[in-house]
Amino acid sequence: MTTKTAVQFRKTQATSHLFDRLKQCRRCSRYSCLWDDRCLSCEAEDSRSAVPEQAGAVLKHRRQTGMLAVGAIGALAFLLARNAEQMILSVVGAALLLALTFFCISATSLSYIDVR
């Protein structure tokens, strides 16, 4: 007698990047590429999200943190200004730095991540 059982595998989706099939559990931060929507380590239901979504969220938070830091430096320069000319220069400089930071971060963002 044979104890072998036949196994059928599902057809996989063709993705542009190898990590597109990976999903990360939001609860325990473990990765899996299985079809099941339940995490195998912490048994959480519907807690898995795709890696590009996670990377997009991290990129969005970094962008917001960078813009906040540049804005805080601009506000500090405005508060420490001694006369109206320095206030105007600090506001113009902060606006230019914010624009430069925004375009630099946008230009270096990953093209395969859809940031909302």
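Residues numbered from 1 in each chain as written. Predicted model: local features only at pLDDT ≥ 70, side-chain atom pairs only at ≥ 80, totals over all residues. Heavy atoms only, no water.

For the protein, per-residue confidence averages 83 on the pLDDT scale, and 91% of positions sit at 70 or higher. Here strand 2 (residues 31-32) stands out as the least confident element of the protein, with mean pLDDT 82; helix 2 (residues 84-108) is the most confident, with 89. (pLDDT = per-residue confidence, 0-100. Helix = DSSP H or I, 4+ residues; strand = E, 2+ residues; numbered from the N terminus.)

On the surface, Leu76, Phe78, Leu79, Leu80, Met87 and Val91 cluster together to form a nonpolar patch covering roughly 590 Å² of accessible area. Residue assignment for the nonpolar patch shows that the elements contributing at least two residues are helix 1 (51-79) and helix 2. Element by element, the count of residues in the nonpolar patch is highest for helix 1, at three residues. (Patch = residues over 30% accessible without salt bridge, like charges linked within 9 Å, V, L, I, M, F, W, Y side chains within 5 Å. Areas by Shrake-Rupley, 256 points an atom, 1.4 Å probe, with all protein chains shown as cover. Salt bridge = Lys/Arg side-chain N within 4 Å of Asp/Glu carboxyl O.)

One open sheet accounts for three strands, arranged 2-1-3; its pairing is antiparallel. Both edges of this open sheet fall to strand 2 and strand 3 (48-50), since each of them pairs with a single strand only. In this structure, strand 1 (residues 23-25) lies alongside strand 3, joined through three bridges in antiparallel fashion. Across the sheet, residue glutamine 24 finds its bridge partner in strand 3, namely serine 49. (Pairing = 2+ DSSP bridges.)

Attention now goes to the packing of aromatic side chains. Going through the model one piece at a time under the given rule, you end up with one aromatic pair. Relative to phenylalanine 103, the ring of phenylalanine 102 lies with its centre 5.5 Å away and its plane at 70°, an arrangement referred to as edge-to-face. On the basis of relative accessibility, which here comes to 37%, the residue phenylalanine 102 falls in the partly exposed class. (Phe/Tyr/Trp six-rings, centres within 6.5 Å; stacked < 30°, edge-to-face > 60°. Buried < 20%, exposed > 50% of the residue type's maximum accessible area, 1.4 Å probe, protein only.)

Mapping alanine 50 onto the fold places it in strand 3. What makes alanine 50 buried here is its relative accessible area of 14%. Sequence spacing of alanine 50 and aspartate 20 is 30 residues, and the spatial spacing of their C-alpha atoms is 7.0 Å.

Let us look at the pattern of salt bridges. Tallying each qualifying case throughout the model produces one salt bridge. Glutamate 43 is the partner of arginine 38 in a salt bridge, and the nearest nitrogen-oxygen pair spans 2.6 Å. Overall, the relative accessible area of 25% leaves arginine 38 in the partly exposed class.

Now for the environment of lysine 60. Relative to the helices and strands, lysine 60 resides in helix 1. A residue is classified by how much of its surface remains accessible, and lysine 60, at 34% relative accessible area, is partly exposed. In sequence terms lysine 60 and isoleucine 105 are 45 residues apart; their C-alpha atoms lie 9.9 Å from each other.

Next up on the list: the side chain of glutamine 24. Locating glutamine 24 in the fold gives a position in strand 1. If near-sequence neighbours (up to four positions away) are discounted, glutamine 24 is found in contact with Ser29, Arg30, Tyr31, Ser47, Arg48, Ser49 and Gln54. (Contact = heavy atoms within 4.5 Å.)

Okay, the side chain of serine 49 next. Note that serine 49 resides in strand 3. Among the polar contacts listed, one links the side chain of serine 49 to the side chain of glutamine 54, at a separation of 2.6 Å. Setting aside residues up to four positions removed in sequence, serine 49 forms contacts with Leu22, Lys23, Gln24, Arg26 and Gln54. (Polar contact = N/O pair within 3.5 Å; in protein donor to acceptor, adjacent residues only side chain to side chain.)

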